[in-house]
Amino acid sequence: MNTGRIMAIFEKDLKEFTRNMMLFTTILLPIFLAFMYSRMGDGEAALPAMLVYLIVGVAFSAILCSGIMTMMAEENEKNTLRGLIQSPASMMDILIGKSLVVTLMTAASLTAAFLLMNAALEWSVASIGALLLLALFFLNVGIAVGLTVDSVATTSVYLLPIMFIFGFTPMVEIVVPEPDHFVRQITDYLPLYQNIAIHDGETVVPLLILAAWTLASFLYVTWAFRKRMSDEAK
Amino acid sequence: MKSVISVEGLKKQFDNEEALKDISFEVGKGEIFGLLGPSGSGKTTTIKILTGELEPSGGLVEVLGYQHGAFKKSEYVRSLGILSDNSSLYERLTVKDNLALFRKLYNTEQSKVDQVLKDVGLEKHINKRVKDLSKGMKQRILLCKAVLHEPAVLFLDEPTSALDPVTTDSIHDMLLKIKARGTTIMLTTHNMDEATVLCDTVAFLNEGIIIDNGSPDALRQSYKTNDMHITYDDGRTKQISLSPENKVQLEAALFDTNVVNMKSDYPTLGEVFKKVTGKELV
Ligand SMILES: Nc1ncnc2c1ncn2[C@@H]1O[C@H](COP(=O)(O)OP(=O)(O)OP(=O)(O)O)[C@@H](O)[C@H]1O
Ligand SMILES: [Mg+2]
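As annotated in an unreviewed UniProt entry, chain B is ABC transporter ATP-binding protein from Salinicoccus cyprini.

An unreviewed UniProt entry annotates chain A as ABC transporter permease of Salinicoccus cyprini. Its UniProt record gives chain A the following Subcellular location (unreviewed entry) comment, quoted word for word: "Membrane".

**Re the nonpolar core**
Core analysis: the biggest nonpolar cluster contains 115 residues, and F17, F60, L84 and F138 of chain A together with L175 of chain B have the highest contact counts within it. The leading source of residues in this core is helix α4 (residues 49–77) of chain A, at 19 residues. Leaving out residues up to four positions away in the same chain, F60 of chain A has contacts with C65, T106, L110, L131, L134, A135 and F138 of chain A. Ranked by size, the runner-up nonpolar core spans 26 residues in total, among them L10, I47, V63 and M186 of chain B.

**Comments concerning the UniProt feature "domain: ABC transporter" (unreviewed entry) in chain B**
Summarizing the sequence annotation, UniProt attributes the feature "domain: ABC transporter" (unreviewed entry) to residues 5–232 of chain B in the numbering used throughout. Within residues 5–232 of chain B, the helical portion is 34% and the strand portion 29%, while the C-alpha atoms at the span's ends are 49 Å from each other.

**What to know about the packing of aromatic side chains**
One pass over the structure, following the stated rule, counts 13 aromatic pairs over all chains. Relative to F138 of chain A, the ring of F137 of chain A lies with its centre 5.3 Å away and its plane at 80°, an arrangement referred to as edge-to-face. Residue classification places F137 of chain A among the buried positions, given a relative accessible area of 4%. Judged by relative accessible area, F138 of chain A falls into the buried class, the value being 0%. Taken together, the ring pairs connect F60, F137, F138, F166 and W213 of chain A into an aromatic cluster. The side chain of K145 of chain B reaches across the aromatic face of F102 of chain B, ending 4.6 Å from its centre. Over the aromatic face of Y232 of chain B sits the side chain of R236 of chain B, whose NZ or CZ is 4.3 Å from the ring centroid.

What counts, and where the lines are drawn
- Residues numbered from 1 in each chain as written.
- Chains lettered and ligands numbered in written order.
- Predicted model: local features only at pLDDT ≥ 70, side-chain atom pairs only at ≥ 80, totals over all residues.
- Heavy atoms only, no water.
- UniProt positions renumbered as here; feature names shortened; annotations may be inferred.
- Core = buried A, V, L, I, M, F, W, Y, C linked by side-chain atoms within 4.5 Å.
- Buried < 20%, exposed > 50% of the residue type's maximum accessible area, 1.4 Å probe, protein only.
- Helix = DSSP H or I, 4+ residues; strand = E, 2+ residues; numbered from the N terminus.
- Contact = heavy atoms within 4.5 Å.
- Phe/Tyr/Trp six-rings, centres within 6.5 Å; stacked < 30°, edge-to-face > 60°.
- Lys NZ or Arg CZ within 6 Å of the ring centre and 35° of its normal.

See the structure below:
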């Protein structure tokens, strides 16, 4: 790892991100949602935590996860990744540089979204920690898929389920309104619901479940990384 | 003098085919070495092994004193310049941004970038996006990218295929300049004229085996015959050996108005290739 090389990749990918319409427009998604929600109701009452976390889920899945996945897949598809690997940049430099770009973009988009909506949430240490775990989860999944696929077209095969299951989790309450339905019992264990539970005051159990998801995502990305590196050496 | 690239008994087995059967050659410092062969003969595979992208299945491979097991080392990677058959640039970014990335990755000075851009005559285009460049321009930028850190060895896989003659010439000029700085260059090509102009040594590769190698002139010399080929205006051809007993016949042909062409048999490199493999090189 080398800071100079990470920054070189970061600068390059920041330009790529902002010049790629498909990626750049994802930034607008959470902002747009925040704008819509803030117009609903009487405009005075604070947005329910569920909607705030839906926006977080949209930002993490559509910008953080999809962004890095698409950037990796494109490098693979266009054969530019080979050029980077044949330079002094290591795979770690490349992944960190790209992660910084999508993290920055996600943070910018969420900040704008939070400013737009009346999210009178109190951010406890536990809920901030949980937010970071959730971000790591999405980043890891995005990197792992990015290391596995070789074209931008195949990313959507992974991306749609990731967005619907992990990103838009609270939507399930509209599709399946009965709280005791087995689907709802299962979705209660999905990561985003842990953040909502932590926000509502629970800590230990949801934090453990969320940590388990993040750990699983680390195992997934490590597996994908190892596999990729051994394929490189054939 | 010790060779910069030394390959001995190199083999490469893919799942269901033996792409390289027995490859041996040496390249000295500052030389341009050309690997010539038809499509599928194993040129790209050989280059990929030397640049560490593929592992050999057998044989000895050494470049700059590094054995193939050390080809992933950063000092090795740093001393190579590579232009592969599918190298590409970031299309959305400008020429300047593309080269800036690699300048920073290799930690070299801006003056080197300015110099190589000037060498290929593209200094006026630095602010253009790569997607707006012509194919020949892109190839020249890729070459700039491959050499801006002044590598000790440069690997080029078909550097001029599908380019127009003017661009091809400018790439040749650039390569000769790079060679003059002492860089060792290994390239692959289908183009015999290119090999004749550029290479100090060439090797003919066919179906994973090197059939012959040497300097282009020496190869042409060794396959020349003593025959004079004569073509008549009605399409007839005749071969006469250049020996004293045929003096009268040869002189007669010289003054025969029906003769449209007389040519000694000094084969081009392409003709030599055809002689040894029975294949055309296209
Ligand atoms: N990764 C691979 N897996 C299986 N077979 C391969 C692989 N790469 C190359 N080959 C086979 O090895 C042989 C040599 O291929 P190679 O690409 O080295 O040829 P080449 O001389 O570069 O041809 P061209 O002039 O068309 O570029 C071919 O028969 C090809 O099908
Ligand atoms: Mg090839």
